[in-house]
Amino acid sequence: MTPPRTKQRPKFRRIVLKLSGEALKNATSGEPIDSSILDRVCRQIKQVHDLGVQVCVVVGGGNIFRGLSGNSKHGTDRTTGDYMGMLATVINGMALMDCLEKLGVQVRVMTAIPMERIAEPYILRRAVRHLEKKRVVIFVAGTGNPYFSTDTTAALRASEIGAQILMKATKVDGVYDKDPKKYPDARKYKTLSYLDALRQRLNIMDSTAFSLCMDNDIPILVFDLDAPESILKASLGQSSGTVVK
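The rules behind the values
- Residues numbered from 1 in each chain as written.
- Predicted model: local features only at pLDDT ≥ 70, side-chain atom pairs only at ≥ 80, totals over all residues.
- Heavy atoms only, no water.
- Buried < 20%, exposed > 50% of the residue type's maximum accessible area, 1.4 Å probe, protein only.
- Helix = DSSP H or I, 4+ residues; strand = E, 2+ residues; numbered from the N terminus.
- Pairing = 2+ DSSP bridges.
- Salt bridge = Lys/Arg side-chain N within 4 Å of Asp/Glu carboxyl O.
- pLDDT = per-residue confidence, 0-100.
- Contact = heavy atoms within 4.5 Å.
- Phe/Tyr/Trp six-rings, centres within 6.5 Å; stacked < 30°, edge-to-face > 60°.
- Expected span 1.5 Å × (residues − 1).
- Arc of directions from axis to C-beta.
- Disulfide = S-S within 2.5 Å.
- Polar contact = N/O pair within 3.5 Å; in protein donor to acceptor, adjacent residues only side chain to side chain.

Q: Is there a simple way to think about the pairing of strand β3 (residues 107–111) in this case?
A: The buried count for β3 comes to four of five residues, which makes it a mostly enclosed element. The sheet contact formed by β3 and strand β5 (residues 136–140) spans five bridges and is parallel. The residue bridging M110 from the neighbouring strand is F139, located in β5. For β3 and strand β4 (residues 120–121), the ladder comprises two bridges, and the chain directions are parallel. Bridging from a neighbouring strand, T111 pairs with P121 of β4.

Q: Just checking my understanding: could you explain the pattern of salt bridges for this structure?
A: Close approach of charged atoms allows side chains of opposite charge to pair. Scanning the entire structure with this criterion turns up 14 salt bridges. Close ionic contact of R40 with D226 constitutes a salt bridge, the shortest N to O distance being 3.5 Å. With R40 in helix α1 (residues 35–50) and D226 in the loop between β10 (220–224) and α8 (230–235), this pair connects stretches of sequence that are 186 residues apart. You can call R40 partly exposed: its relative accessible area is 32%. Beyond isolated ion pairs, a larger network of salt bridges with shared partners links K18, D151 and K168.

Q: Before we go on, may I ask you to explain the confidence of the model for the chain in this structure?
A: Predicted coordinates in areas of low pLDDT are best not read in detail. For the chain, the mean per-residue pLDDT works out to 91, and 94% of the residues sit at or above 70. This model gives residues 1–5 a pLDDT under 50, and the stretch forms zero contacts once residues within four places in sequence are excluded.

Q: Explain the sheet that holds β4 to me, please; I cannot follow it from the model alone.
A: Either a parallel or an antiparallel arrangement is found when strands of a sheet pair, and the pairing is made through backbone hydrogen bonds. With mixed pairing, nine strands are arranged side by side in an open sheet as β4-β3-β5-β2-β1-β6-β10-β11-β9. Where the open sheet ends on each side, the last strands, each with one partner, are β4 and β9 (191–192).

Q: It is not clear to me how the pairing of strand β6 (residues 165–170) should be interpreted in this structure. Could you clarify?
A: Within a regular strand, side chains alternate between the sheet's two faces. Among the six residues of β6, six are classified as buried, and the element is accordingly described as predominantly covered. Relative to β6, strand β1 (residues 14–19) runs parallel, the two sharing five bridges. Each residue of the ladder has a partner; that of L19, found in β6, is A169. Of the pairings in the sheet, the one linking β6 to β10 comprises five bridges and is parallel in character. Of the residues in β10, the one forming a bridge with K168 is V222.

Q: How should the packing of aromatic side chains be read in this particular structure?
A: The tally for this structure, following the rule as stated, stands at two aromatic pairs. Judged by centre distance (5.4 Å) and plane angle (85°), the ring pair of Y122 and F139 falls under edge-to-face. Pair noted here: Y122 is in the loop between β4 and α4 (124–132) and F139 is in strand β5, with a separation of 17 residues, a long-range link. Judged by its relative accessible area of 2%, F139 falls in the buried class. Relative to F210, the ring of Y194 has its centre 5.6 Å away and its plane inclined at 75°; by these criteria the two rings are edge-to-face.

Q: In this structure, what is going on with α1? I would like to understand it.
A: Residues that lie three or four places apart on an α-helix share one face, since the helix turns once every 3.6 residues. Here α1 spans 22 Å end to end across 16 residues, near enough to the 22 Å set by a 1.5 Å rise per residue. The set of residues buried in α1 consists of I37, L38, V41, C42, Q44, I45, V48 and H49. Projected down its long axis, α1 carries its buried residues within an arc of 155°, all on one side. Turning to α1, the residues buried within the fold contact β1, β2 (54–59), α3 (78–102), β5 and α8.

Q: Just to check I follow, could you spell out the state of the cysteines for this structure?
A: A covalent bond bridging the sulfur atoms of two cysteines is what the word disulfide describes. For the structure on display, the rule yields zero disulfides. Free cysteine C56: the closest other cysteine sulfur is in C213, separated by 14 Å. Summary of cysteine pairing: C99 is not part of a disulfide, and the nearest cysteine sulfur, belonging to C42, is at 3.6 Å.

Q: What should I look at first to understand helix α5 (residues 150–161) in this one?
A: Between the first and last C-alpha of α5 there are 16 Å, a value that for 12 residues agrees with the 16 Å anticipated at 1.5 Å per step. For α5, a buried count of nine out of 12 residues is recorded, marking the element as mostly surrounded by other parts of the structure. Three or more residues of α5 are buried, namely T150, D151, T152, T153, A154, A155, R157, A158 and I161. Where α5 starts, the residue carrying a side-chain oxygen 3.3 Å from the main-chain nitrogen of D151 turns out to be S149. With its phi angle positive at about 75°, G162 sits one or two positions after the end of α5.

Below is the structure:
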């Protein structure tokens, strides 16, 4: 007789998952939001949610419009470009919401820029209440201010809601001492201190986001989103990524 499967126990009670907009993009066709990628990401979020983890998601908008590149390529004013990028995150957040709801997950999208017909305004206590009611909360429109990245938004929201970890899903499997694509001898870190990361000027997050995490003692996990069940493994404490703490 096959023994019953032991229920997996998550390592964290409340997490902030940072997704880049590019993670949803089909690199081959150029489609901004690839339905198969979106479904795969949402199914992983559902796996984690089903374990009882309180999940917050901060999503970027670089698959649709990136403020900095818009400024350099098209001559867009920096402030205008940043607001355009914030609106792009709303589109991505709504796509995640729609996909998760079709999988049976209750979701609330909260925006830093008021848009009553689309999403709830971001209010800290309301966000915490949603989490306590077992809803996934998606934060969109950045901080609502130009000159701040979605990395900074993720660090800020993690600090505000008391998340135990900030999980940054990327296209690499961790933090290296140099670019692993250019240097075969690049060394990957399993763990890293905030100060060492600063000294070595490792490109983990922008300086504002990194400082927020350091000041509020929030660990950062950098891991490969494309690895099988990567979000689930990260939530179980089984990720092969890099932890900065």
